[in-house]
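So you can see what is in the structure, the chains are spelled out below.
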Amino acid sequence: MRKSHPVRRAVLAGAATVSGIVLLLSLKPASDPGAASAAGGAPPAAAQSPQGGRGAGSGTVTGDAAATQYGPVQVRLTLSGGKITGAEAVRAPKGGQSDRVTADAVPKLNRAAVAAGTADIDAVSGATYTSAGYVKSLQSALDKVAAASAGQDSGDGAGQGAGGGSEQGSGDGGEGQAGAGPGTQVLTGDVARTQYGAVQVRVTVSGGKITGAETLQAPRGGQSDRVTADAVPKLNRAAVAAGTADIDAVSGATYTSAGYKQSLQSALDRAGG
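Residues numbered from 1 in each chain as written. Predicted model: local features only at pLDDT ≥ 70, side-chain atom pairs only at ≥ 80, totals over all residues. Heavy atoms only, no water.

1. Focus: the overall build of the protein
Just so we agree on the cut-off: Numbering of helices and strands runs from the N terminus; a helix is a DSSP stretch of H or I covering at least four residues, while a strand is a stretch of E covering at least two. Only protein chains enter the calculation, and the probe is 1.4 Å; a residue is then buried if its accessible area is under 20% of its type maximum, exposed if over 50%, and partly exposed in between. Any two residues having at least one pair of non-hydrogen atoms within 4.5 Å are treated as being in contact. For the accessible areas, the method is Shrake-Rupley and the probe is 1.4 Å, while residue cover comes only from the protein chains on display.
The number of helices and strands found in the protein is seven helices and seven strands. Starting at the N terminus, the α and β elements of the protein follow one another as α-α-β-β-β-α-α-α-β-β-β-β-α-α. When the 273 residues of the protein are sorted by exposure, 32% land in the buried category. Summarising the internal contacts of the protein: among those between residues at least 6 apart in sequence, 49% fall at separations of at least 24. Carbon and sulfur atoms form 54% of the exposed surface of the protein, whose accessible area is close to 15400 Å².

Next up, the structure:
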């Protein structure tokens, strides 16, 4: 009896070891698919899908905050394929009467920005200052998009500069002063002094055409605030429509209009140079 115990224990231990190995081997295939999935398959694809708008002209961009008499206005855009697909005001005047004005005006401005695809949108009645700030921040967001696009274009077009650039520069004559070559330029004009204050214009030029215009400086204070809020959006739209500095003065804003045209022309002269 005593001699049989060691043998029996050895047999039992061997059987237990074999059973354990079989059990481990049977469990291993069930765990491998999960490990493979975590390492390489579906999760990376799912992680990429929310960022599917990384192509050129796609994503979100936030404009600079524009100060107004009633508070700052700041606009964020969503773009897809180079087009505005969404707009929102991340900052807008608040408190007292401003709450009602903001609640009424901002949704209209957001819709107008998407519909127009540019900053050339009309002011909302009863929200002149908020509208002006919205347009200014919107334009700065579009300028950032244009600048990013220009960076891409300059890289892609570096090989074309030696051959096609000089031909375009000399072939278009005087009308080509706003389009020196492929890509987009953001050009800031000189400060023009007027009787009521300084005026300075920035334009975005793409493909030889003015695609955006904004006023960096304009007369302020007292009556000038109302005149500027009324005249500047009209002058910006006129500059884009005309494609030159040959635009009409806005009624009631003769000095601001003259300064605007002077600064606009200096910006276009830079494009021509």
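2. Thoughts on the pairing of strand E2 (residues 74-80)
Put simply, the rule reads: Between any two strands, pairing holds if DSSP finds at least two bridges.
Two elements, strand E1 (residues 59-62) and E2, share four bridges in a ladder whose sense is antiparallel. Each residue of the ladder has a partner; that of Val61, found in E2, is Leu77. Here E2 hands over to strand E3 (residues 83-91) after two residues, with Gly81 in that stretch at a positive phi of 60 degrees.

3. Some details on the pattern of salt bridges
For clarity, the cut-off: A side-chain nitrogen of Lys or Arg and a carboxyl oxygen of Asp or Glu constitute a salt bridge if their distance falls within 4 Å.
Enumeration over the complete set of coordinates arrives at eight salt bridges. The shortest N-O distance in the salt bridge between Asp64 and Lys144 comes to 3.2 Å. Of the two residues, Asp64 is situated in the loop between E1 and E2 and Lys144 in helix H4 (residues 128-156); the sequence distance between them amounts to 80 residues. Take Asp64: its relative accessible area is 44%, and that puts it in the partly exposed class. Here Asp190 makes a salt bridge to Arg270, at a shortest N to O gap of 2.5 Å.

4. Here's the deal with the pairing of E3
As judged from the seven bridges shared by E2 and E3, these two strands associate in the antiparallel manner. Along E3, the bridge assignment pairs Leu79 with Ile84.

5. A look at helix H6 (residues 223-242)
The following threshold applies: To estimate how far a helix should reach, multiply one less than its number of residues by 1.5 Å.
Counted at 1.5 Å a residue, the expected span for H6 with its 20 residues is 28 Å, and the 28 Å between its end C-alpha atoms agrees. Listed in full, the buried residues belonging to H6 are Ser224, Val227, Thr228, Ala229, Ala231, Val232, Pro233, Leu235, Asn236 and Ala239. Count one or two residues on from H6 and you reach Gly243, which has phi positive near 75 degrees.

6. Some remarks on the side chain of Ser140
Considering the arrangement of structural elements, one finds Ser140 in helix H4. Judged by its relative accessible area of 6%, Ser140 is buried. Ignoring any residue separated from it by four or fewer positions in sequence, one finds Ser140 in contact with Gly63, Asp64 and Glu214.

7. Describing helix H3 (residues 97-116)
Heads up, the condition is: A residue's bend is simply the angle between two axes: one fitted to the seven residues ending at it, one to the seven starting at it.
Counted at 1.5 Å a residue, the expected span for H3 with its 20 residues is 28 Å, and the 28 Å between its end C-alpha atoms agrees. Along H3, the largest kink reaches about 25 degrees and is centred on Ala105; proline Pro107 follows within four residues of it. Residues of H3 that are buried: Ser98, Val101, Thr102, Ala105, Val106, Leu109, Asn110 and Ala113. Looking one or two residues past H3, Gly117 carries a phi angle of roughly 75 degrees, positive in sign.

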